[in-house]
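Residue-level listing of the chains:
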Amino acid sequence: MVTEIKLNDTEIKIAQYVEKKIEGKTQISLTFHVSSDDYHDIATLLYKGTFDVIVPERHLQFRGTIQEYSTSVTNLYEKGQIGEYKLTLIEAE
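Each chain carries its own residue numbering, running from 1 in the direction its sequence is written. In keeping with the model being predicted, local features are shown solely for residues with a pLDDT of at least 70 and side-chain atom pairs are shown and tallied solely at 80 or more, while totals for entire chains, interfaces and linings include all residues. To obtain the side-chain values, all non-hydrogen atoms of the structure were included, while hydrogens and water were left out.

What follows is about helix α1 (residues 39–46). Of all the positions in α1, only Y39, I42, A43, L45 and L46 are classed as buried. Summarising the axial view, the buried residues of α1 lie within an arc of 160°, below the 170-degree limit, and thus occupy one face. Those residues of α1 that are buried are in contact with β1 (4–7), β2 (10–13), β4 (25–35), β5 (50–55), β6 (60–71) and β7 (82–91). For every residue, the accessible area (1.4 Å probe, protein chains only) is compared with the maximum for its type, and the residue is labelled buried under 20%, exposed over 50%, or partly exposed between those bounds. Going along the chain from the N terminus, every DSSP run of H or I of four or more residues is numbered as a helix, and every run of E of two or more is numbered as a strand. The directions considered for the arc run from the helix axis to the C-beta atoms. Contacts are assigned to residue pairs that have any heavy atoms within 4.5 Å of one another.

This is the structure:
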């Protein structure tokens, strides 16, 4: 079971991981939780849109772009909140 990934140099603990091949490209879908303390750093990271993706437990590494993204909370600036993020990345050309 995959428990963490790296986007660029940021390690993210994940709750759910699905990996598949689509037209020869790797696609991964993730669910992870973000606290109000980490919100700014994660939001800033995700705005980049394209990342060096490393999945250590799968020995997988690729350049990936956001295909889908959603969050359960729109304002994590309020202290003590935790949002569930869903993110799908596809291998870039």
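Next comes the rest of the account.
The alternating pattern of β5 places F51, V53 and V55 on a buried face and T50, D52 and I54 on a face that is not buried. Of the pairings in the sheet, the one linking β1 to β5 comprises two bridges and is antiparallel in character. Bridge pairing links K6 to I54 in β5. Strand pairing is assigned whenever DSSP identifies at least 2 bridges connecting the two strands. In this sheet, β6 lies alongside β5 in antiparallel orientation, the contact comprising six bridges. Along β6, the bridge assignment pairs F51 with G64.

A separate point is the layout of surface pockets. Using only the protein atoms, space was sampled on a 1 Å grid; points where a 1.4 Å probe fits but cannot get out form cavities, open sets with protein on both sides within 12 Å along at least five of seven lines form pockets, and lining residues are those with an atom within 4 Å of a point. Grid points are joined across faces, edges and corners, and a volume is the space filled by probe spheres set on the points. Taken as a whole, the largest pocket holds about 170 Å³ of empty space. If you go around the largest pocket, the residues you meet are E4, T10, E11, I12, K13, F32, H33, V34, D38, D41 and I42. With four residues, β2 is the single largest residue contributor to the lining of the largest pocket. Residues of the lining of the largest pocket, tallied by class, amount to four nonpolar, two polar and five charged. Basically, the charged four are Asp, Glu, Lys and Arg, the nonpolar ten are Ala, Val, Leu, Ile, Met, Phe, Trp, Tyr, Cys and Pro, and anything else, Gly included, counts as polar.

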